[in-house]
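This is what each chain is made of:
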Amino acid sequence: FFFNRTMAALNENGSLTSEMQGLGIDINDPSLAELLDSKDEFANLRNRFCMPKAPEGSGREEAIYMCGNSLGIMPVKTREYVNAELDKWAKFGVEGHFEEPLPWVSIDESVRDASARIVGAQPQEVCVMNSLTVNLHLMMVAFYRPTPSKFKILVEGKAFPSDMHMLQSQVLFHGFDPATAIVKLEPKDGEVTLKTSDIVETIASMKGEIALVMMSGVQYYTGQRFDIKTITAAARAENIPVGWDLAHAVGNVPLSLHDDEVDFACWCSYKYLNSGPGGIAGCYVHSKHGSHKELAALPRFAGWWGHRASDRFNMAHEFIASEGAQGFMLSNPPVLCVAALRASLEIFDEAGGVSALRRKSEKLTQYLELLLRDMDKDPTLKGKVSIFTPKDFADRGCQLSLFFSVPVEEVSDFLVSRGVIVDVRKPSVIRVAPTPLYNSYKDVFDFCVHLRDSLKAIAAKETPDKN
């Protein structure tokens with residue numbers, strides 16, 4: 001009876017609620033994590049991954065891996081799928097391009113439909129190719145078409161450095177000064193994150209100057225999730241193309257790029273999509289743009305793999321684009337990278353997609369949040385760590401960004417010694433990303449135990465010994 005009442009409270013509105021207090025379970029009770037894990041509908045998916053090992057002397061075998069926002073962990077089937085392509089190469093050589101199953105000449109299509117499902121797109125609107133920043137540059141060719149009076153790009157001020165380098169180089173290429181051409185959205189005084197209303201207002205007030213809106217789906221540093229639908233609609237209402245960097249959104253939060261009428265989007269696949277370091281990236285182009293067959297209709301940097309497949313090997317010099325996003329491809333896809341991505345996308349399909357996983361993700365991150373906020377009630381720890389990621393589920397993904405008033409390197413060193421892997425952003429931030437595919441509630445609980453211990457150890461060093 002107690003167990004059922006507890007689970008009813010946990011499941012109400014898909015979140016952990018204050019009703020738990022009435023059930024007599026303290027947030028710091030390890031039995032709560034056990035209870036949550038026992039009812040986790042996705043718990044079996046952890047076995048689909050190779051969990052990183054903890055260092056010797058840490059007191060545990062598997063690491064507490066909270067770093068999927070930087071690099072996802074390897075699916076068990078990755079080795080099998082990559083080795084299958086190596087075996088095919090060894091056996092057939094160049095003929096592997098046409099040998100079933102999965103002939104290399106079209107192997108990118110083996111991950112196209114699953115990628116489309118994850119980003120909420122039609123299959124022809126998606127392709128896998130290159131790396132993220134390369135794809136953003138390619139999209140800029142088509143969608144950043146500045147004029148002497150309308151040449152500005154709107155972007156969040158804390159954009160990932162590679163995005164900012166890309167934008168600066170594009171602006172310079174077109175003969176403009178980045179200082180005036182790149183409009184950086186900053187939070188208001190006293191705030192850490194951006195408000196959708198302020199973004200929409202900026203678009204409307206600068207509609208005659210902005211040539212492109214280019215933002216992140218989920219902000220890498222703060223963990224803020226932007227309202228893609230509302231911001232895209234605001235830009236499109238002013239006839240401004242809009243593109244999204246989905247590096248921290250894809251595989252993390254539900255997306256609906258086609259229905260939201262996003263013009264283009266790009267993403268890497270090595271974070272939440274677990275394709276491996278430097279894995280192949282993805283690209284989306286809305287169907288209203290992807291139907292152009294000739295270069296003059298929609299300017300792009302073209303390559304032979306973007307030519308229609310039916311006569312690609314005729315080696316003609318006239319470019320006729322493939323339908324959809326594939327018309328933007330340059331070269332044949334890296335086979336081993338595609339194989340690695342396929343191993344992960346199959347797990348997403350097994351789970352029922354990102355929307356299904358989001359049910360767990362919201363609870364997992366809220367559990368982390370509650371534990372962290374409770375930590376601040378300890379007088380010896382008060383003010384030493386604070387969360388600056390938005391509190392509302394709709395405004396964040398799985399990541400919480402933590403600010404430390406104590407030396408973050410000391411916290412990190414302590415956590416590493418306990419077998420905890422998180423992402424440090426100097427000088428004072430640690431990003432923690434409990435991922436629903438492979439993280440458990442016990443992972444979250446154990447992380448907070450070790451974090452608390454690290455802060456207490458640092459506090460003890462700071463307190464003079466009165467003896």
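For the structure, check the block above.
Starting afresh in each chain, residues are numbered from 1 along the sequence in its written order. A pLDDT threshold of at least 70 governs which residues receive local features in this predicted model, and a stricter bar of 80 or more applies before side-chain atom pairs are shown or counted, although totals over entire chains, interfaces and linings include all residues. Computation of side-chain values: all heavy atoms of the structure, hydrogens and water removed.

Caption draft 1: Representation of the overall build of the chain within the structure. In this text, helices come from DSSP runs of H or I with a minimum length of four residues, and strands from runs of E with a minimum of two, each type numbered from the N-terminal end. Assigned secondary structure in the chain consists of 15 helices and 13 strands. Just to be clear, the radius of gyration here is over C-alpha atoms, and the globule rule we use is 2.2 Å times residues to the power 0.38. Taking 467 residues into account, the globule formula puts the C-alpha radius of gyration at 23 Å, and the chain, at 24 Å, falls close to it. Structurally, the chain occupies a C-alpha span of about 85 × 60 × 45 Å along its principal axes. Partly exposed describes any residue whose relative accessible area lies between the buried limit of under 20% and the exposed limit of over 50%, with all areas from a 1.4 Å probe on protein chains only and scaled to the type maximum. Relative to its 467 residues, the chain shows a buried fraction of 55%. Across the chain, the fraction of contacts at a sequence separation of at least 24, relative to all contacts at a separation of at least 6, is 71%. Using a 1.4 Å probe, the Shrake-Rupley method yields the accessible areas, and only the shown protein chains count as cover for residues. Of the roughly 20,200 Å² of accessible surface on the chain, a fraction of 53% belongs to carbon and sulfur atoms. Throughout, a contact is declared for two residues whenever any of their heavy atoms are within 4.5 Å.

Caption draft 2: Expanded view of the sheet that holds strand E9 (residues 385-387). Following DSSP output, two strands are said to pair if at least two bridges run between them. Strands sit in the order E9-E10-E13-E12 across an open sheet of four strands; the sheet is antiparallel. Lying at the two open borders of the sheet, with one neighbouring strand each, are E9 and strand E12 (423-425). This sheet shows a mean twist of 30° between the axes of neighbouring strands, independent of strand direction. For E12 and strand E13 (residues 429-432), the ladder comprises three bridges, and the chain directions are antiparallel. Its bridge partner being in E13, arginine 425 is matched across the sheet by valine 429. Lying on the sheet, helix H13 (residues 354-375) is in contact with E9, strand E10 (400-404) and E13; it crosses E10 at an angle near 20°. Only the contacting stretch of a helix is used when fitting its axis, a line to C-alpha atoms as for every element, and angles between N-to-C directions run 0 to 180 degrees.

Caption draft 3: Examining the packing of aromatic side chains more closely. In this analysis, rings of Phe, Tyr and Trp, with Trp reduced to its six-membered ring, are considered paired at centre separations within 6.5 Å, and the interplanar angle assigns stacked below 30 degrees, edge-to-face beyond 60, and tilted for intermediate values. Across all of its chains, the model carries 11 aromatic pairs by this definition. When the centroid spacing of 5.0 Å and the interplanar angle of 90° are considered together, the rings of phenylalanine 160 and tyrosine 220 count as edge-to-face. Of this pair, phenylalanine 160 sits in the loop between strand E3 (152-156) and helix H7 (161-173) while tyrosine 220 sits in the loop between strand E5 (210-216) and helix H10 (228-237), and the two are 60 residues apart along the sequence. Note on phenylalanine 160: relative accessible area 34%, which makes it partly exposed. Here the aromatic rings of tryptophan 304 and phenylalanine 313 are separated by 5.3 Å at their centres, their planes lie at 75°, and the arrangement is edge-to-face. Exposure remark for tryptophan 304: the relative accessible area of 36% places this residue in the partly exposed category. Taken together, Phe160, Tyr220, Tyr221 and Phe388 form an aromatic cluster joined through their ring pairs. Only lysine NZ and arginine CZ atoms are considered, and such an atom sits over a ring when it is within 6 Å of the ring centre and within 35 degrees of the ring normal. Over the face of the ring belonging to phenylalanine 328 we find arginine 300, whose NZ or CZ atom lies 4.3 Å from the ring centre. Taking the ring centre of tyrosine 81 as reference, the NZ or CZ of arginine 342 above it sits at 4.2 Å.

Caption draft 4: Local environment of helix H4 (residues 77-92). The span you would expect from a helix comes to 1.5 Å times its residue count less one. When the terminal C-alpha atoms of H4 are compared, their 23 Å separation across 16 residues agrees well with the 22 Å that a helix rising 1.5 Å per residue should span. Those residues of H4 lying buried are Thr78, Tyr81, Val82, Glu85 and Lys88. One face of H4 carries all of its buried residues, which in axial projection span an arc of 115°. The exposed set on the far side of H4, more than 90 degrees from its buried face, consists of Arg79, Asp87, Ala90 and Lys91. Packing partners of the buried residues in H4 comprise helix H12 (335-351). Working definition: the arc comes from the directions between the helix axis and the C-beta atoms, pointing outward to the latter.

Caption draft 5: Spatial organisation of the environment of phenylalanine 143. Position of phenylalanine 143 relative to the elements: it lies in helix H6 (residues 132-143). For phenylalanine 143, a relative accessible area of 5% translates into the label buried. Once the C-alpha coordinates of phenylalanine 143 and tryptophan 104 are considered, the two residues, 39 residues apart in sequence, prove to be 31 Å apart.

Caption draft 6: Broad picture of the environment of phenylalanine 388. Within the element layout of this structure, phenylalanine 388 appears in the loop between E9 and E10. Discounting chain neighbours no more than four positions away, the residues touching phenylalanine 388 are Val192, Thr193, Tyr221, Thr222, Ser401, Leu402, Phe403 and Val429.

Caption draft 7: How the structure looks around the nonpolar core. In these notes, a set of buried Ala, Val, Leu, Ile, Met, Phe, Trp, Tyr and Cys residues joined through side-chain atoms within 4.5 Å is what counts as a nonpolar core. Core analysis: the largest hydrophobic core is formed by 60 residues, its most contacted members being Val119, Ile203, Val213, Trp244 and Leu246. Considering every element that reaches this core, the biggest residue donor is H12, with seven residues. For valine 119, the contacting residues outside a window of four places in its chain are Val126, Val250, Leu255, Ser256, Leu257 and Trp267.

Caption draft 8: A look at the packing of helix H9 (residues 196-205) against H10. Running from N to C, H9 and H10 point in directions that differ by 10°, and their axes come no closer than 9 Å. As summarised for this structure, H9 and H10 are arranged roughly parallel, according to the angle between their axes. Note on element contacts: H10 touches H9 through Thr230, Ile231, Ala234 and Ala235, opposite Thr196, Ile199, Val200 and Ile203. Each residue gets one label: Ala, Val, Leu, Ile, Met, Phe, Trp, Tyr, Cys and Pro are nonpolar, Asp, Glu, Lys and Arg are charged, and the others, such as Gly, are polar. Residues of the contact of H9 with H10, tallied by class, amount to six nonpolar, two polar and no charged. Angle categories: roughly parallel below 35 degrees, roughly antiparallel above 145, roughly perpendicular from 65 to 115, and oblique for all the rest.

Caption draft 9: Structural detail: the side chain of glutamine 399. Mapping glutamine 399 onto the fold places it in the loop between E9 and E10. The exposure class of glutamine 399 is buried, given its relative accessible area of 2%. Two N or O atoms count as a polar contact when they lie within 3.5 Å, although within protein this holds only if one can serve as hydrogen donor and the other as acceptor, and sequence-adjacent residues are included solely when both atoms are side-chain atoms. A distance of 2.9 Å separates polar atoms of two side chains, one belonging to glutamine 399 and the other to serine 401.

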